[in-house]
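Residues per chain are reported as follows:
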Amino acid sequence: MLSPAAGSPGPVPRRRLGAHGPEVPVLGLGSWNTWDRMSRSDAVALIRDALAHGVELFDVAHYDMGPHAENARTDLIFGQAMRDAGVAREDYLLCGKLWLWEYPRKGFAEQLTVSLDRIGTDRADLVVVGDFFGELDVRAVVRDVAEQIAAGRFTSWGVNNWSAADVWRARRFAAEEGLTPPTFAQLKYSLARRAVPEGEPFAELFADGLAMQASDVLEGGILAGNLRPHRKIGADPGGIRDRIRDTYPLIARVAAEFDATPAQLAIAFCLTNPAVATVLFGASRISQWQDNLKALNLLTRHPEDLRTALSATWVDADTMNPTGTER
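Residues numbered from 1 in each chain as written. Predicted model: local features only at pLDDT ≥ 70, side-chain atom pairs only at ≥ 80, totals over all residues. Heavy atoms only, no water.

## Regarding the side chain of R153
Here comes step 1: Within the secondary structure layout, R153 lies in the loop between α4 (138-150) and β7 (156-160).
Here comes step 2: The side chain of R153 sits in the buried core without any salt bridge; D117 is the nearest counter-charge, 6.4 Å away.
Here comes step 3: Here A109 takes part through its backbone oxygen, which lies 3.2 Å from a polar atom of the side chain of R153.
Here comes step 4: In this structure the side chain of R153 is engaged in a polar contact, spanning 3.0 Å, whose partner is the side chain of T113.
Here comes step 5: When near neighbours in sequence (up to four residues on either side) are disregarded, R153 contacts A109, L112, T113, L116, R123, A124 and Q148. (Helix = DSSP H or I, 4+ residues; strand = E, 2+ residues; numbered from the N terminus. Buried < 20%, exposed > 50% of the residue type's maximum accessible area, 1.4 Å probe, protein only. Lys, Arg positive; Asp, Glu negative; His and termini not counted. Salt bridge = Lys/Arg side-chain N within 4 Å of Asp/Glu carboxyl O. Polar contact = N/O pair within 3.5 Å; in protein donor to acceptor, adjacent residues only side chain to side chain. Contact = heavy atoms within 4.5 Å.)

Below, the structure is given as structure tokens:
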């Protein structure tokens, strides 16, 4: 039985990932530009420490399509690190990705075969379906997801950066056909970027049982103080990244007032939203992982004060469309 590192927080709390989803830790580890930026031994140590804290949720994708056609090896490295750590497949939750950039030419069965083989397993536990530009045949997506669920390749699914309107279409069609509906939405969400996740269209979905999986909560490292990241980071819907940089001094001051780091503040903020089941972030050093883990202490100490203190850090209130997407 693994034990947490001395002086670090205890087991991480858990929330349900939507009405139809599993119970998950409130923190999860992402894979984009992370596992390929650390040594093999450090990756093993990070995985073991995460599992010791009850963080067994790992979001791992094969980045080979659309804007992510970058021949990344991060999924291969993750799979090897799991084997090196001696972790049994039943001891962690794997959240995979199904991309829509070349769908349906590259179908879900083909994508899963490749991505799961690269990790070294025959199944995920849940998958995220996204991203896409333009029109989407939502009914076809729901049917194709259902085929993979029936084949035993995963049990729950969510969407990545869909509009609220398309999520409603998917949920209603699934209910009509007796198929598994999307149970969560993986959305870009942070103390600066709130318009879509906290807007009325998604609020109605969350009231209907959908959960949020908060992603890019550190805005590619900017909200942790790395204002000009040299590595590739996520898209900037709404074109607000310079405004986010401009608000960083305020974020740093608020963090200091709470005796916390800006990264801890950013993670704790997202967890003040009851719709958030889990917060995803990447870590390329075990010290970074352990520091971010302490966001839970901040949340415990100041559960009511964080949102009030951060009211002025919301910079995208003017960028949302009525459908629940960003302009």
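## Points about the packing of aromatic side chains
Here comes step 1: Under the defined criterion, the tally for this structure stands at 13 aromatic pairs.
Here comes step 2: Seen from their ring centres, F58 and Y92 are 6.1 Å apart, and the 85 degrees between their planes marks the pair as edge-to-face. Of this pair, F58 sits in strand β4 (residues 57-59) while Y92 is found in the loop between α2 (74-85) and β5 (93-98), placing the two residues 34 residues apart along the sequence. Across this residue pair, the class does not change: F58 and Y92 are buried.
Here comes step 3: Ring centres 5.9 Å apart and planes at 45 degrees place the aromatic pair Y63 and W99 in the tilted group. Here Y63, found in the loop between β4 and α2, pairs with W99, found in the loop between β5 and α3 (108-119); they are 36 residues apart in sequence, far enough to count as distant. No difference in accessibility class separates Y63 from W99, as the two residues are buried. (Phe/Tyr/Trp six-rings, centres within 6.5 Å; stacked < 30°, edge-to-face > 60°.)

## A short note on the side chain of D131
Here comes step 1: Examined against the element boundaries, D131 turns out to sit in the loop between β6 (126-129) and α4.
Here comes step 2: Despite its burial, D131 pairs with no opposite charge; the closest candidate is K97, at 7.6 Å N-O.
Here comes step 3: Here the side chain of D131 touches N160 through a polar contact of 2.4 Å, side chain to side chain.
Here comes step 4: With residues near it in sequence (within four places) discarded, D131 still touches W99, L100, W101, N160 and N161.

## Section: the pattern of salt bridges
Here comes step 1: Overall, the coordinates contain 18 salt bridges when judged by the stated rule.
Here comes step 2: Ionic pairing is found between E70 and K232, a salt bridge with its closest N-O pair at 2.9 Å. A residue pair is termed long-range when its members are at least 10 positions apart, and E70 in the loop between β4 and α2 and K232 in the loop between β9 (211-215) and α8 (241-257) qualify at 162 residues.
Here comes step 3: Look at E70 and you get partly exposed, because its relative accessible area is 27%.
Here comes step 4: Here E219 ties to R193 by a salt bridge, and the two come within 2.7 Å at their closest N and O atoms. Here E219, found in the loop between β9 and α8, pairs with R193, found in the loop between β8 (184-188) and α6 (195-198); they are 26 residues apart in sequence, far enough to count as distant.
Here comes step 5: Overlapping salt bridges bring together R193, E219, D236 and R241 as one network.

## Details of unusual backbone geometry
Here comes step 1: Here the residue pair Y103 and P104 is connected by a cis peptide bond, since its omega of 5 degrees sits within 30 degrees of zero.
Here comes step 2: Of note, the amide linkage connecting G130 to D131 takes the cis form, showing an omega dihedral of -10 degrees.
Here comes step 3: Positioned with a positive phi, D216 is a non-glycine residue whose angle comes to about 50 degrees.
Here comes step 4: With respect to the secondary-structure elements, D216 resides in the loop between β9 and α8.
Here comes step 5: Exposure remark for D216: the relative accessible area of 22% places this residue in the partly exposed category.

## Digging into the packing of helix α1 (residues 40-52) against helix α10 (residues 286-293)
When two helices pack together, their arrangement is given by the angle between the helix axes and the distance between those axes.
Here comes step 1: Put simply, α1 and α10 touch, their axes get as near as 9 Å, and they point 20 degrees apart. When the axis of α1 is compared with that of α10, the two are roughly parallel. As α1 packs across α10, the resulting crossing turns out to be right-handed. In this structure, α1 contributes A45, L46, D49 and A50 to the contact, and α10 contributes I286, W289 and Q290. (Axes fitted to C-alpha atoms, helices over the stretch in contact; angles between N-to-C directions. Parallel < 35°, antiparallel > 145°, perpendicular 65-115°, else oblique. Left-handed = near helix turned anticlockwise from the far one by under 90°.)

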